[in-house]
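Examination of the molecular architecture
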Amino acid sequence: MHPASAKWYDRRDSVFIEFCVADSKDVKVNFDKTKCGFSCVGGKDDVRHENLIDLFEAIDENECKHRRTDRSVLCYLRKAQPGTPWPRLTKEKEKLTWLKVDFNNWKDWADDSDEENYDQFSDLMHNMDGEDDIPDLEDEDSDDEKLPDLE
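Given the structure is predicted, the values throughout are model-derived calculations rather than measurements.

Moving on: the nonpolar core. Counting 24 residues, the largest nonpolar core has I17, L77 and L89 as its most contacted members. When residues of this core are traced back to their parent elements, those giving at least two are β1 (6-10), β2 (14-19), β3 (25-31), β4 (35-42) and β7 (73-78). Apart from residues no more than four positions distant in its own chain, L77 is found in contact with D13, S14, V15, I17, F31, C36, L55, I59 and C64.

Structural data, given as structure tokens:
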């Protein structure tokens, strides 16, 4: 068994972990008050992946959810104490080779005084009823306009 590579980021009321396994099957995600467990079979060689994370702080395991896509499994972990920043995902300070910070989604919210500026994705994940309830997040005000053909 191999650990799946993963990325994580912190929000005011939640933590997101994305396990990057393409074509995952037999996905199991377990949430405990201080742990998150993940396992699946995936990739082109059908390798068995397993990760067990001792979390930095407690979560509300009843409010945690996950969503599988063709490329990854995204987990939403609801913090037991919202408003407390997590400087790292794990309880131990040890560097894990399979775990990275998702800097594309990272936001220094501790210095942000705008209370109404909650992350759109965080709110969607929090309001989900089931695994398949995430709507398409395409921006309706996209700057993408049809460009004229080149001559």
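What follows is about unusual backbone geometry. Non-glycine residue D23 carries a positive phi angle of around 50 degrees. Mapped onto the secondary structure, D23 falls in the loop between β2 and β3. Unlike most non-glycine residues, D46 shows phi in positive territory, near 50 degrees. Mapped onto the elements, D46 comes out in the loop between β4 and β5 (47-54). Residue classification places D46 among the partly exposed positions, given a relative accessible area of 43%.

Right, let's get into the packing of aromatic side chains. Counting across every chain of the model gives five aromatic pairs. Plain terms: the ring middles of W8 and W106 are 5.2 Å apart, the flat faces sit at 85 degrees to each other, and that makes the pair edge-to-face. Of this pair, W8 sits in strand β1 while W106 sits in the loop between β8 (99-101) and α1 (120-126), and the two are 98 residues apart along the sequence. Residue W8 is classed as buried on the basis of its relative accessible area of 3%. Residue classification places W106 among the partly exposed positions, given a relative accessible area of 30%. Pairing Y9 with F16 gives two aromatic rings, centres 4.9 Å apart and planes at 15 degrees, and the pair type is stacked. Of the two residues, Y9 and F16, neither departs from the other in class, the shared state being buried. By way of ring pairs, the aromatic residues Y9, F16 and Y76 are connected into one cluster.

With that settled, consider the pattern of salt bridges. Across all of its chains, the model carries eight salt bridges by this definition. Where salt bridges share partners, they join D26, K28 and R48 into one cluster.

Moving on to the sheet that holds β1. Picture the strands of a sheet paired through backbone hydrogen bonds; they go either parallel or antiparallel. Pairing is mixed across the open sheet formed by five strands, whose spatial order is β6-β7-β2-β1-β8. The sheet terminates laterally at β6 (65-68) and β8, the two strands that pair on one side only. With strand direction ignored, the average angle separating the axes of adjacent strands in the sheet is 20 degrees. In this sheet, β7 lies alongside β6 in antiparallel orientation, the contact comprising four bridges. Of the residues in β7, the one forming a bridge with R68 is V73.

What counts, and at which threshold
Residues numbered from 1 in each chain as written. Predicted model: local features only at pLDDT ≥ 70, side-chain atom pairs only at ≥ 80, totals over all residues. Heavy atoms only, no water. Core = buried A, V, L, I, M, F, W, Y, C linked by side-chain atoms within 4.5 Å. Buried < 20%, exposed > 50% of the residue type's maximum accessible area, 1.4 Å probe, protein only. Helix = DSSP H or I, 4+ residues; strand = E, 2+ residues; numbered from the N terminus. Contact = heavy atoms within 4.5 Å. Phe/Tyr/Trp six-rings, centres within 6.5 Å; stacked < 30°, edge-to-face > 60°. Salt bridge = Lys/Arg side-chain N within 4 Å of Asp/Glu carboxyl O. Pairing = 2+ DSSP bridges. Axes fitted to C-alpha atoms, helices over the stretch in contact; angles between N-to-C directions.

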